[in-house]
Amino acid sequence: MNLNRKHFALSAMMAAVLALTGCSTAQAPVENQASETKQAVVKDKNAQSDKTQTTKTETEDKNDDVELDNLTAVEGTTISLSDAKSNLLINKGGTYTLKGKTNYTIVVDAKDQDVTLILDSATIDAKDLPAIYVRNAKKTVVDVTGSSSLSSTSHTAQDGLNAALYVCSDLDLKGSGTLTITDPNGHGIKAKGDITSRSVTIKVQSGQDGIHASDNLTINSGTYSFTADDEGIEVNEALTINNGTFTVNSKGDGLRAETGVAIKNGTYTITTENEGIESKADLTIENGTFTINATDDGSNAGNDLTVKGGTLNVVSTSNDGLDANSNLNLEGGTINVTALKTPEGAFDEDNAKFKISGGTIVGLSAMATLPTDVTQNTVMINASSSFKKLELKQGGKTILTFSNPSSSTTTSNKTSEATQTTSNDQTGNSSESTDSANKDNFQNTKPEMRQGGMPGANASTAVLTLSCKDLKAGSEAELYLDGELAETFTVEEGLTQVGNIQTMGGGMPAGDFGGRGGQMPGNFENGQRPEMPEDFDFGNGERPQMPEDFENENSRKQKSGRSNKGGQNNQNTQEDTTSSATKTTAAL
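Residues numbered from 1 in each chain as written. Predicted model: local features only at pLDDT ≥ 70, side-chain atom pairs only at ≥ 80, totals over all residues. Heavy atoms only, no water.

Asker: I keep staring at the overall build of the protein and nothing clicks. Help me out?
Answerer: Helices and strands together make up the secondary structure of the protein, namely four helices and 49 strands. Nonlocal contacts in the protein, meaning residues at least 24 apart in sequence, comprise 49% of its contacts between residues at least 6 apart. As displayed, the protein has an accessible area near 25600 Å², and 44% of this comes from carbon and sulfur atoms. (Helix = DSSP H or I, 4+ residues; strand = E, 2+ residues; numbered from the N terminus. Contact = heavy atoms within 4.5 Å. Areas by Shrake-Rupley, 256 points an atom, 1.4 Å probe, with all protein chains shown as cover.)

Asker: Can you help me understand the confidence of the model for the protein in this one?
Answerer: Reading predicted coordinates in detail is not appropriate for stretches of low pLDDT. Of all residues in the protein, 65% have pLDDT values of 70 or greater, and the mean over the chain is 76. When the criterion is pLDDT under 50, residues 506-533 qualifies, and its contacts beyond four places in sequence or with other chains add up to 46 contacts. pLDDT under 50 marks residues 535-544. Its contacts with residues more than four places away, or in other chains, come to seven contacts. (pLDDT = per-residue confidence, 0-100.)

Asker: Looking at this model, I keep getting lost on the packing of aromatic side chains. Mind explaining?
Answerer: The relation between two aromatic rings is expressed through the spacing of the ring centres and the mutual angle of the planes. Tallied over the entire structure, the rule returns seven aromatic pairs. Their ring planes at 75° and their centres at 6.3 Å tell us that Tyr133 and Tyr166 sit as a pair that is edge-to-face. Taken together, the residues span a long stretch of sequence, with Tyr133 in strand S9 (residues 132-136) and Tyr166 in strand S12 (residues 163-167) at a distance of 33 residues. In this structure, Tyr133 and Tyr166 share a single accessibility class: buried. The ring centre of Tyr480 lies 4.5 Å from the NZ or CZ of Lys393, which sits over that ring. (Phe/Tyr/Trp six-rings, centres within 6.5 Å; stacked < 30°, edge-to-face > 60°. Buried < 20%, exposed > 50% of the residue type's maximum accessible area, 1.4 Å probe, protein only. Lys NZ or Arg CZ within 6 Å of the ring centre and 35° of its normal.)

Asker: Would you mind going over the pairing of strand S42 (residues 397-403) with me for this structure?
Answerer: Regular strands show a simple pattern: their side chains alternate between the two faces of the sheet. Looking at chain direction, strand S41 (residues 389-394) and S42 are connected through six bridges and run antiparallel. Bridge pairing in S42 places Glu391 opposite Thr401. Linking two consecutive strands that pair antiparallel, namely S41 and S42, is a turn of two residues; a positive phi of about 60° is found at Gly395 within it. (Pairing = 2+ DSSP bridges.)

Asker: Explain the nonpolar core to me, please; I cannot follow it from the model alone.
Answerer: Generally speaking, a soluble globular protein has its nonpolar side chains buried in company with each other. Core analysis: the largest hydrophobic core is formed by 76 residues, its most contacted members being Leu98, Ile233, Leu255, Leu322, Leu330 and Phe347. Per-element accounting of this core gives the leading share, five residues, to strand S8 (residues 114-126). Excluding residues that lie within four positions of it along the chain, Leu322 makes contacts with Ser299, Leu305, Val307, Val314, Leu328, Leu330, Ile335, Val337, Ala346, Phe347 and Asp348. Among the nonpolar cores identified, the runner-up in size contains 23 residues, and Leu340, Val362, Cys468 and Leu479 belong to it. (Core = buried A, V, L, I, M, F, W, Y, C linked by side-chain atoms within 4.5 Å.)

Asker: Before we go on, may I ask you to explain the pattern of salt bridges in this structure?
Answerer: Side chains bearing opposite charge may pair, as long as their charged atoms lie close to each other. A complete count under the given rule lists eleven salt bridges for this structure. Two residues, Asp120 and Lys99, come together in a salt bridge whose shortest N-O distance is 3.8 Å. Within this pair, whereas Asp120 is found in strand S8, its partner Lys99 is found in strand S6 (residues 94-102), the two being separated by 21 residues in sequence. A relative accessible area of 39% means that Lys99 is categorised as partly exposed. A salt bridge links Lys127 to Asp125; the shortest N-O distance between them is 3.8 Å. Residue Lys127 is classed as partly exposed on the basis of its relative accessible area, which comes to 44%. What makes Asp125 partly exposed here is its relative accessible area of 26%. (Salt bridge = Lys/Arg side-chain N within 4 Å of Asp/Glu carboxyl O.)

Asker: Even after reading the chapter, I still don't get the environment of Phe246, so can you show me in this structure?
Answerer: As for its position among the elements, Phe246 is in strand S23 (residues 245-250). Put simply, Phe246 and Phe290 are 44 residues apart on the chain and 9.5 Å apart in space, counted from C-alpha to C-alpha. When neighbours within four sequence positions are excluded, Phe246 is seen to be in contact with Ile219, Tyr224, Ile233, Ile241, Thr267, Tyr268 and Thr269.

Asker: What should I look at first to understand empty space enclosed by the protein in this one?
Answerer: One water molecule sets the probe size; rolling that probe over the atoms shows where empty space is left. Throughout the structure, instances matching the rule amount to two cavities of 30 Å³ or more. Roughly 40 Å³ of volume is contained in the largest cavity. Taken together, Gly345, Ala346, Phe347, Gly363, Leu364, Ser365, Met367, Ala368, Thr369, Val463 and Thr465 form the lining of the largest cavity. Of all the elements in the fold, those that place two or more residues in the lining of the largest cavity are strand S38 (360-365) and strand S45 (461-467). Considering each element in turn, the lining of the largest cavity owes the most residues, three residues, to S38. Looking at the lining of the largest cavity residue by residue, the class counts come to six nonpolar, five polar and no charged. (1 Å grid on protein atoms, 1.4 Å probe; cavity = no way out; pocket = protein on both sides within 12 Å on 5 of 7 lines; lining within 4 Å. Points joined across faces, edges and corners; volume = space filled by probe spheres on them. Nonpolar A, V, L, I, M, F, W, Y, C, P; charged D, E, K, R; others polar.)

Asker: Can you help me understand the environment of Ser82 in this one?
Answerer: Within the secondary structure layout, Ser82 lies in the loop between strand S4 (78-80) and strand S5 (87-90). Along the backbone, Ser82 and Lys99 are 17 residues apart, and their C-alpha atoms lie at a distance of 7.9 Å.

Asker: It is not clear to me how unusual backbone geometry should be interpreted in this structure. Could you clarify?
Answerer: Here the bond from Thr342 into Pro343 is cis, since omega is 10°, no more than 30 degrees from zero. Looking at the secondary structure, you find Pro343 in the loop between strand S35 (334-339) and strand S36 (347-349). A positive phi is found at Asn351, a non-glycine position, where the angle reads about 50°. Topologically, Asn351 is positioned in the loop between S36 and strand S37 (354-356).

Below is the structure:
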């Protein structure tokens with residue numbers, strides 16, 4: 001009986017959610033809609049990045065099917081915005097050219113007909129409402145010519161219409177011009193259907209997402225710039241990028257999608273206080289040039305993460321570089337990944353497979369993940385984290401080079417107010433005095449701490465994961481750091497481990513220290529073995545107690561999350577429950 005009540009309540013709640021959300025396709029007007037108090041899915045910026053969905057009770061007007069009063073129906077297909085005396089209404093399908101400037105909103109209510117809006121050097125600076133609000137259309141095309149701009153300065157009148165360009169239909173963006181969009185409180189662009197974009201140049205500054213797609217987003221070409229207080233791009237279903245140039249500065253994820261991210265090509269410069277690229281399902285990169293500086297993971301996949309080609313330069317300041325919650329596959333391309341915050345790794349997978357089958361690969365990290373399947377020769381070796389240039393040589397030839405991004409004198413995070421100085425950069429190894437201190441500390445540290453260090457610290461020594469097609473088994477190779485020979489070793493077929501490699505989770509599967517069987521080494525510095533607590537008794541099964549303030553990796557990751565805005569939790573209400581079955585299910 002109790003189970004039946006629960007099923008009934010769940011069904012009723014789902015029906016209520018579906019009834020209260022989404023743009024209307026009905027032709028009859030809907031008037032005087034009231035705000036509803038309801039459970040809304042939010043993205044908790046302070047929650048673990050892979051578990052960002054939660055609920056909270058919040059009073060919010062989720063109805064975005066709004067019939068506005070005092071509209072003036074346009075006459076003809078060329079609209080002089082400068083002549084507008086009130087908000088304008090387009091109530092028929094067709095192609096309309098907008099010119100001039102206005103402070104009034106353009107409303108499209110075309111009863112499921114296709115509408116094309118040509119923005120010909122148009123400027124729309126709306127108050128309280130979107131600059132363009134498409135209430136009803138079968139498909140909306142925005143064609144940009146010249147230099148046009150859309151802005152919405154507040155949303156106090158209709159909080160549900162939270163974007164400068166708000167479209168309740170599929171949206172096609174194109175054109176030869178430049179569209180500048182500003183919305184300090186909402187999204188730059190939001191569509192309650194699929195979005196496609198090509199050729200156009202779009203620049204967005206927004207208080208929420210740069211682009212928010214309720215369904216799928218496909219970008220074929222164009223130039224895009226997003227400065228966002230939330231995600232640069234957020235998609236409730238799949239994100240596909242075939243080409244384009246992208247510059248993203250965001251407090252949330254740079255690019256994020258719920259059902260998969262597929263990137264075919266393009267140029268990406270992403271600076272974010274959260275994750276660079278996040279897919280809640282698979283993430284596949286086939287080609288392109290990527291420069292990613294992220295506070296959280298450089299790229300994260302809820303399922304498989306696969307790199308087939310391209311050039312990736314990825315730096316994570318507090319988490320993993322490339323992180324797959326299932327399989328991690330490196331198949332090709334130039335892949336340079338740095339993650340020096342202990343206990344993070346350049347590459348990470350969760351109890352699955354880490355395959356290296358191609359590419360020119362450099363991983364520089366506090367800890368390492370051992371590949372499970374290596375068909376291209378790979379070496380893992382320890383090195384100081386403060387070097388500037390790495391060279392791997394074999395047979396008198398340089399087969400791999402790498403410039404350490406952590407050795408730069410300053411690191412600037414564009415989304416934060418403060419510019420970090422040389423004594424407090426992303427690696428902790430930026431000045432000569434710091435380098436010297438780190439080296440001294442490394443020499444004086446207990447053996448078990450020499451690999452990586454305590455959780456949360458920047459590692460003074462790091463693990464290198466190096467792989468390329470020219471690395472040949474059966475002969476010696478030399479590792480040079482800043483022009484000096486650091487190590488000579490013989491390359492084995494498959495995976496070569498040089499010395500004791502600190503792996504994710506604290507274990508070292510090879511070498512004397514932390515080797516098989518848990519044997520302690522006999523070559524500690526000064527011949528000293530670590531002393532066990534006096535009251536420690538193996539016979540009683542007791543374990544030494546950890547310090548009260550010690551956090552293991554799991555508890556640390558559960559506490560990690562996105563930075564706060566203005567001292568408050570950076571939370572956004574989960575939107576578009578009717579458009580994404582995935583998110584609706586998570587909410588219920």
